[in-house]
Amino acid sequence: MRILFLTRSFNSLAQRLWLALTALGHEVSIELDIADAVTIEAVDLYRPDLVIAPFLQRAIPEAVWRRVVCLVVHPGIVGDRGPSALDWAIVEGRREWGVTVLQANAEFDAGPVWASEAFAMRDDATKSCLYRHEVTEAASRAVLRAVRRFAEGGGPPGPDARAARPGRWHASMRQADRRIDWRRDDTRSIVTRIRAADGSPGVLDSLFGTPCHLYDAHAATRSEHAEPGTVIARRNEALLRATVDGAVWIGQARRLDGDRDFKLPATIAFPHESAPLPDRSHDPDVSTGDPAGCEIRHESEGRVAFLHFDFYNGAMSTAPCQRLNAALRAALARRPAVLVLLGGADFWSNGIHLHVIEAADSPADESMRNIEAMNDVVKTLIEATGTLIVAAMRGNAGAGGAFLALAADEVWARHAVILNPHYKN
C-alpha cells in the first residue's frame, strides 16, 4: 500500500514504524505536520491508501480524515485522551499503561480503536526512556496489526475493545502541575516529576537564582545538613541539590536567561556558579548508587569484563570521551579475555555532543577537541589486540556513535535497535 506518515518529527517511533512497514513491502512517505494546508497538499499529491500519525500534537484536518482513513498512535490505554498521557501516567504512579491506535475523527483521541497493546510501567524510567522502549515496542505491534486489518479490508474490531480498559480525558500537563516545592516535596516526588518531563519540556525551576528547566534527575543520599533546595556539590557534569529527606542529582538544565535556548549538562549550563562547589567525581570502577554523573561503570564475571557508558541522550562531549578512554584502558589493563561494551540502555552512543560544542567559546575548536577525544577511544579499541571486544548495542546509535561500534571485533544488537549513521552521502 501507499502509506503517508503525518508526524511532528521523524522521531525514534516514526523511524521504527517506517522500517517495519517498508520491510513488509509498503511504500511509506513522510510529511512533517506543520500546517493544515501542507497536510492537505501532501494527501493531494501522494494519494495515500492510508495515513498513519506516529507522533502528533495537533488535530488532523477534517478535509483529510473524511477523505482517507487516518490512524493515530496514542501513548495511552484505550479510552485515555489528551496530549500528556504518558506524563500523567508517571506522575499518578500507574502500574500498567498502554498504546492505542485509533481512527481520527471530529473528537480528539476519541475515534474507533483499531488496535491496542498494554505494558508494565517501570518505576525508575523517565518518560523518554519509556517512550523509546515500552511505548515503541507496543506501538509497533499495534500499528502492524491495524495495518494488516486495514489491508485485508477489515475495520476496527468494535466497541467492546474500547470498553475493556476505560481511560479518561487528561488535560495538557502544565508547569504548574509539575512545580517542585523544595521545602516540602520529598526526593521521590521530585525525581518522579522531573522524570515525567524528561526529555521535554523539563520542569520549570531555578538554579543559583536563575530560571531554567531541569532534566535527568536521580535520587541521592547526603550526610551533611543543608537547606532543601540548596546546591551542595558537583560530580562530573551533574549538580547535587538537597531535599527534605536526601538529595537529587540534576544532570541537565536549560537556562532561560540568555540566547542558549537548549539543554546542557548542568555544570556547563552554570560553569561559574558550580566551580566553587565540592567535587564528588569518582573512579569509574566504583559504584556509589547515585547514577547521575556516574555514567561509566565497570564490572566483571571471571575473565569477561563489562563496561557501561550511559551518557544522557547518547551524546559524548570531550570530557566524557576522555573518562571513557581512561575506563577502557583501566579495564584492558586487567587483561580480560572478553570486554563487552554495553553503552547505555536508551542509546549505545550518538557521537559528539553538539549542544556542548554550540555553547563553547569557540565551537570550531571544541568540535576538534571532541572529535579527537572520540578518536582516542576508537584508537584504544583498535589497539586492544589481546582482548575480544564486543559492542553490545542495547539501545539506538547514531552518527559517530554508530561507527564507534565498528572499532570492536564483533557488534551485537538488540532486536529493533535503530542505527542513524548520517554518513550515507
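Since the model is a prediction, treat every value here as computed from it, not as a measurement.

Lay out the overall build of the chain with the relevant residues and their values.
If you tally the helices and strands in the chain, you get 14 helices and 20 strands. Taking 22 Å as the expected radius of gyration for a compact globule of 425 residues, we find that the chain reaches 23 Å, a close match to that expectation. Projected onto the principal axes, the alpha-carbon positions of the chain cover approximately 60 × 55 × 45 Å. Relative to its full complement of 425 residues, the chain shows a buried share of 52%. Considering only contacts within the chain whose residues lie at least 6 apart along the sequence, 64% involve residues at least 24 apart.

Describe the nonpolar core, naming the residues involved and giving the relevant values.
Counting 35 residues, the largest nonpolar core has Ile3, Ile52 and Trp97 as the members making the most contacts within it. Within the residue set of this core, elements represented by two or more residues are strand 1 (2-7), helix 1 (12-23), strand 3 (50-53), strand 4 (70-74), helix 4 (85-91), strand 5 (96-103), strand 6 (113-120) and helix 5 (127-151). In terms of residue count, helix 5 provides more of this core than any other element does, 11 residues in total. Of all hydrophobic cores here, the second largest spans 29 residues; its members include Ala305, Leu324, Leu328 and Ala397.

An account of helix 1 is needed here, citing residue identities and associated values.
Relative to the 16 Å expected for 12 residues at 1.5 Å per residue, helix 1 spans 17 Å between its end C-alpha atoms, a close match to the ideal helical length. Count one or two residues on from helix 1 and you reach glycine 25, which has phi positive near 100°.

Can you lay out the packing of helix 11 (residues 318-333) against helix 13 (residues 363-383) for me, pointing to particular residues and giving the numbers?
Between two packed helices, what matters for the description is the angle formed by their axes and the separation of those axes. Put simply, helix 11 and helix 13 touch, their axes get as near as 8 Å, and they point 15° apart. Here helix 13 runs roughly parallel to helix 11, going by the angle between their axes. In this structure, helix 11 meets helix 13 at a crossing whose hand is left-handed. On helix 13, the residues that touch Thr318, Cys321, Gln322, Leu324, Asn325, Leu328, Arg329 and Leu332 of helix 11 are Glu366, Arg369, Asn370, Ala373, Met374, Asp376, Val377, Thr380 and Leu381. Here the contact of helix 11 with helix 13 is composed, by residue class, of eight nonpolar, five polar and four charged.

With reference to specific residues and values, describe the side chain of serine 317.
When you line up the elements, serine 317 lands in the loop between strand 14 (304-309) and helix 11. Residues contacting serine 317, with those up to four places away along its chain left out, are His353, Val356 and Asn370.

Account for the confidence of the model for the chain, naming residues and giving values.
Per-chain confidence: the chain averages 92 in pLDDT, with 94% of residues scoring 70 or above. Throughout residues 160-165 the model reports pLDDT below 50, and contacts reaching past four residues in sequence, or to other chains, amount to 10 contacts.

Would you mind going over the sheet that holds strand 13 (residues 296-301) in detail, with residue names and values included?
Picture the strands of a sheet paired through backbone hydrogen bonds; they go either parallel or antiparallel. Taken together, the five strands give an open sheet; going across it, the order is 13-14-15-17-19, and neighbouring strands pair in mixed fashion. Of all strands in the sheet, those bounded by a partner on one side alone are strand 13 and strand 19 (410-413). Adjacent strand axes in the sheet meet at a mean angle of 20° when their direction is disregarded. Along the sheet face, helix 11 touches strand 13, strand 14 and strand 15 (338-343) and points at about 15° away from the line of strand 13.

Conventions and cut-offs
- Residues numbered from 1 in each chain as written.
- Predicted model: local features only at pLDDT ≥ 70, side-chain atom pairs only at ≥ 80, totals over all residues.
- Heavy atoms only, no water.
- Helix = DSSP H or I, 4+ residues; strand = E, 2+ residues; numbered from the N terminus.
- Rg over C-alpha atoms; globule rule 2.2 N^0.38 Å.
- Buried < 20%, exposed > 50% of the residue type's maximum accessible area, 1.4 Å probe, protein only.
- Contact = heavy atoms within 4.5 Å.
- Core = buried A, V, L, I, M, F, W, Y, C linked by side-chain atoms within 4.5 Å.
- Expected span 1.5 Å × (residues − 1).
- Axes fitted to C-alpha atoms, helices over the stretch in contact; angles between N-to-C directions.
- Parallel < 35°, antiparallel > 145°, perpendicular 65-115°, else oblique.
- Left-handed = near helix turned anticlockwise from the far one by under 90°.
- Nonpolar A, V, L, I, M, F, W, Y, C, P; charged D, E, K, R; others polar.
- pLDDT = per-residue confidence, 0-100.
- Pairing = 2+ DSSP bridges.

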